[in-house]
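One-letter residues, chain by chain:
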Amino acid sequence: NQNIYILAIESSCDDTSAAILHNKKVLSNVVATQKIHEEYGGVVPELASRAHQQNIVPVVHQALTKANIDKKLVSAIAFTRGPGLMGSLLVGTSFAKSLSLGLDVPLIEVNHMQAHILAHFIEGDTQKQPPFPFLAMTISGGHTQIVLVRDYFDMKIIGETLDDAVGEAFDKSAKILGLPYPGGPLVDAYAKKGDPKAFPFPKPKVKGLNFSFSGLKTSILYFVRKEVEKNPNFIAENLNDICASIQYTIVNILMDKLKIAAIQTGIKQIAIGGGVSANSGIRKALINSQKELGWQTYIPNFEYCTDNAAMVGIVGYLKFIENDFAKQDVTAKARYFI
Ligand code: KG4
Ligand code: ZN
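- The chain is annotated in an unreviewed UniProt entry as tRNA N6-adenosine threonylcarbamoyltransferase of Costertonia aggregata.
- Listed under Sequence similarities (unreviewed entry) in UniProt, the entry text for the chain is "Belongs to the KAE1 / TsaD family."
- Of the comments in the UniProt record for the chain, the one headed Catalytic activity (unreviewed entry) reads "L-threonylcarbamoyladenylate + adenosine(37) in tRNA = N(6)-L-threonylcarbamoyladenosine(37) in tRNA + AMP + H(+)".

Written as structure tokens, this is what we have:
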């Protein structure tokens, strides 16, 4: 009957987040999303770093207040060490180190990609936990990977993108259509009203388990340009169908690779994470796969799919019980492989 309280900090990209966990349960998970990047159509690293500086104190304070615990109860500070934007990581790393000194509690460093995967082990009312071994596909604006997960800290990347992340593919396609950033959720919304087979887009020819999305973006760009030349209202008149076709192609690319991975490894336990897990097309395909392919699929509660500190906290808890602590001289790592 342990009582471990982890204060977790995430600042790898453009979300400043702090969470408090009591063992495997989340007491609070506060996320400050940076709006500043919208007008630039993508994350601007220098602005992200500055915004983290401004957000981190209030976000940590709010996490403690919402959890309603005294900071004297905190057992350890967990923070995202990498991978991510250096200027962003530095804010969370430095803050976590100071807090660990100030509260005189140990420090735990967390790999952001492991955190996306281990988010499945947060205990919640609706959260269903995958059994080992399982395949995890992390799909977001920054990552696209298929990982073979044998145990909490025994993971192997078996496939990843060679160029753009899948979220970028959604966002860049949306930009071509004149939609604001991040366009992924909008493509999803219009796709619901469109015909997925209206405009066939080619799937990339990448062997094995790796992904490529830059060719798709280019073919969408050329297609749209050509059609707009013929009919200036082409986008407006066909937005639902275009979005449905783009989403259909992307979901097929993801599912094709997952199917190969499942056959190659003989594993039918499939878990997904990352912001693109919100996509209704991929969710539907995964639900259908349970019947069609005999898979068991796992999607974390949405708040634990996008970047958040609760997922950093669960890794903190799992490392705490293993006495796996970091030293004060630990440094942020922009490229940090699992
Ligand atoms: O995990 P996340 O919040 O941040 C990182 O990139 O790490 O993921 C954000 C990405 C964006 O590219 C966004 O467009 C995409 O997830 N996204 C979606 C949907 N919701 C978020 N893409 C497609 N359909 C959605 N419903
Ligand atoms: Zn992420």
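### So, the packing of helix α4 (residues 166-176) against helix α6 (residues 214-230)
And step 1. The geometry of α4 relative to α6 is characterised by a closest axis approach of 10 Å and an angle of 15° between their N-to-C directions. The orientation of α4 with respect to α6, classified from their angle, is roughly parallel. Note that α4 runs across α6; the crossing there is right-handed. Across the interface between the two elements, A169, K172, S173 and I176 from α4 touch L216, K217, I220, L221 and V224 from α6.

### Describing the domain arrangement of the chain
And step 1. For the chain, the assigned domains read domain 1 (5-122 + 305-320) and domain 2 (134-299).
And step 2. The gap between the C-alpha centroids of domain 1 and domain 2 is 28 Å.
And step 3. Listed by partner, the interface residues are 14 residues for domain 1 and 19 residues for domain 2.
And step 4. When residues of the side of domain 1 that touches domain 2 are assigned to their parent elements, the largest contribution, 5 residues, is made by helix α3 (residues 112-118).

About the thresholds
Residues numbered from 1 in each chain as written. Chains lettered and ligands numbered in written order. Predicted model: local features only at pLDDT ≥ 70, side-chain atom pairs only at ≥ 80, totals over all residues. UniProt positions renumbered as here; feature names shortened; annotations may be inferred. Axes fitted to C-alpha atoms, helices over the stretch in contact; angles between N-to-C directions. Helix = DSSP H or I, 4+ residues; strand = E, 2+ residues; numbered from the N terminus. Parallel < 35°, antiparallel > 145°, perpendicular 65-115°, else oblique. Left-handed = near helix turned anticlockwise from the far one by under 90°. Contact = placed C-beta atoms within 7 Å. Domains from an automatic or database assignment.

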